[in-house]
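In case you want the letters, here they are:
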Amino acid sequence: MGLSSPRRRFKSGWGRFIIIIKMLEDNSGKKSKLPQGALILGSINIIFFGILFLGYFSLYFYLRTNPEFLYKITEIVKIKEIKTQFTYQTLQASIIFQLIVCSLYITGGVGVLKKKEWGRKLTVYFSLTIVVILFLFTLLQPSLVQYTLIKAIYPGVLIWYFTNKKIIDKFS
C-alpha cells in the first residue's frame, strides 16, 4: 500500500478526528463551509471541555468521593485561606454540576460543528452564563480574583467570536 491509501492515511489519531468531523458536517446541500475558528472552538468544546473533563470528573472525583477525600480537600481549602465550608453533599453536588457543564459543552460543540444556529446560540448564552457566575463568585470570594479572571478567558473568546456579524451570517 502506498502512502496515499486511505487505510494508511487515517491510522493516526488526527485522521480519526477528521473522520468524526466529516460525520458531523451538515449534509443539507449548503455550499458555505464552516469557518476555521468555529471548527477549532467547536472541537475544543467537544474534546477538551466536554469529553476529557467529563471523563476526569466522573472517573476521578465521583468514584473517590468519600470522607477521607473530603478531609483532604478541606485541608487544601484551609491552606489557601478560602472562606467556605465543604460537606460531602456539596462536593457531590458540585461534581454533578460539572458533569452538566461538560454535557452542555459537548452539545454546543456538536451544534457548532454541524453549523446549526442553536449550537451557536447555546455556546454564546452558556458562555455568558459562565462569565456571570464567575463575576458573582469573585464578589463572594475576592481573594480568588486571579483564578476567576483566568477561567473567564475562554468563555470570553467564545462570546467574542460567535457574536461576530460574519460568523452570525454563516450560521443563519
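Residues numbered from 1 in each chain as written. Predicted model: local features only at pLDDT ≥ 70, side-chain atom pairs only at ≥ 80, totals over all residues. Heavy atoms only, no water.

Overview of helix α7 (residues 145-162)
Reasoning step 1: Taking 1.5 Å of rise per residue, the 18 residues of α7 would be expected to cover 26 Å, and the 26 Å separating its terminal C-alpha atoms lies within 8% of that figure.
Reasoning step 2: At I153, α7 shows its largest bend, some 30°, and a proline, P155, comes one to four positions later.
Reasoning step 3: All of the buried residues in α7 are T148, Y154, P155, L158, Y161 and F162. (Helix = DSSP H or I, 4+ residues; strand = E, 2+ residues; numbered from the N terminus. Expected span 1.5 Å × (residues − 1). Bend = angle between axes of the 7 residues up to and from the residue. Buried < 20%, exposed > 50% of the residue type's maximum accessible area, 1.4 Å probe, protein only.)

What about helix α6 (residues 117-140)?
Reasoning step 1: With 24 residues, α6 should cover 34 Å at 1.5 Å per step; its first-to-last C-alpha distance of 35 Å lies within 8% of that length.
Reasoning step 2: When α6 is considered as a whole, its buried residues turn out to be G119, R120, T123, V124, F126, S127, I130, L134 and T138.

Digging into the nonpolar core
Reasoning step 1: Counting residues in hydrophobic clusters, the biggest one holds 16 residues, and the most contacted among them are Y105 and F162.
Reasoning step 2: Secondary-structure elements contributing two or more residues to this core are α3 (36-61), α5 (88-113), α6, α7 and α8 (165-171).
Reasoning step 3: Aside from chain neighbours lying at most four places away, what touches Y105 is N45, I46, F49, G50, F126, I130, Y154, P155 and L158. (Core = buried A, V, L, I, M, F, W, Y, C linked by side-chain atoms within 4.5 Å. Contact = heavy atoms within 4.5 Å.)

Quick look at the environment of V101
Reasoning step 1: Topologically, V101 is positioned in helix α5.
Reasoning step 2: Spatially, the C-alpha atoms of V101 and L54 are 8.8 Å apart, while their sequence positions differ by 47 residues.

With respect to the side chain of N45
Reasoning step 1: For N45, the location among the structural elements is in helix α3.
Reasoning step 2: Owing to a relative accessible area of 1%, N45 belongs among the buried residues under this scheme.
Reasoning step 3: A distance of 2.6 Å separates a polar atom in the side chain of N45 from a polar atom in the side chain of Y154.
Reasoning step 4: Aside from chain neighbours lying at most four places away, what touches N45 is G50, Y105, I106, G109, T123, Y154 and L158. (Polar contact = N/O pair within 3.5 Å; in protein donor to acceptor, adjacent residues only side chain to side chain.)

What to know about the packing of aromatic side chains
The description of an aromatic ring pair rests on the distance of the ring centres and on the angle between the ring planes.
Reasoning step 1: Summed over the entire model, instances satisfying the criterion amount to 8 aromatic pairs.
Reasoning step 2: Look at Y105 and F126: their rings are 5.2 Å apart centre to centre, the planes differ by 85°, and that puts the pair in the edge-to-face class. One end of the pair, Y105, is in helix α5; the other, F126, is in helix α6, and 21 residues separate them in sequence.
Reasoning step 3: Y105 gets classed as buried once you look at its relative accessible area, which sits at 7%.
Reasoning step 4: Of the residues examined, F126 reaches a relative accessible area of 12% and is grouped as buried.
Reasoning step 5: Geometrically, the ring pair formed by Y161 and F162 is edge-to-face, given 5.1 Å between the ring centres and 90° between the ring planes. Judged on exposure class, the residue Y161 and its partner F162 are both buried.
Reasoning step 6: Ring pairing ties together the aromatic residues F48, F49, F53, Y105, F126 and Y154, which thus form one cluster. (Phe/Tyr/Trp six-rings, centres within 6.5 Å; stacked < 30°, edge-to-face > 60°.)

Such coordinate-based values are descriptive only and should not be taken to indicate function.
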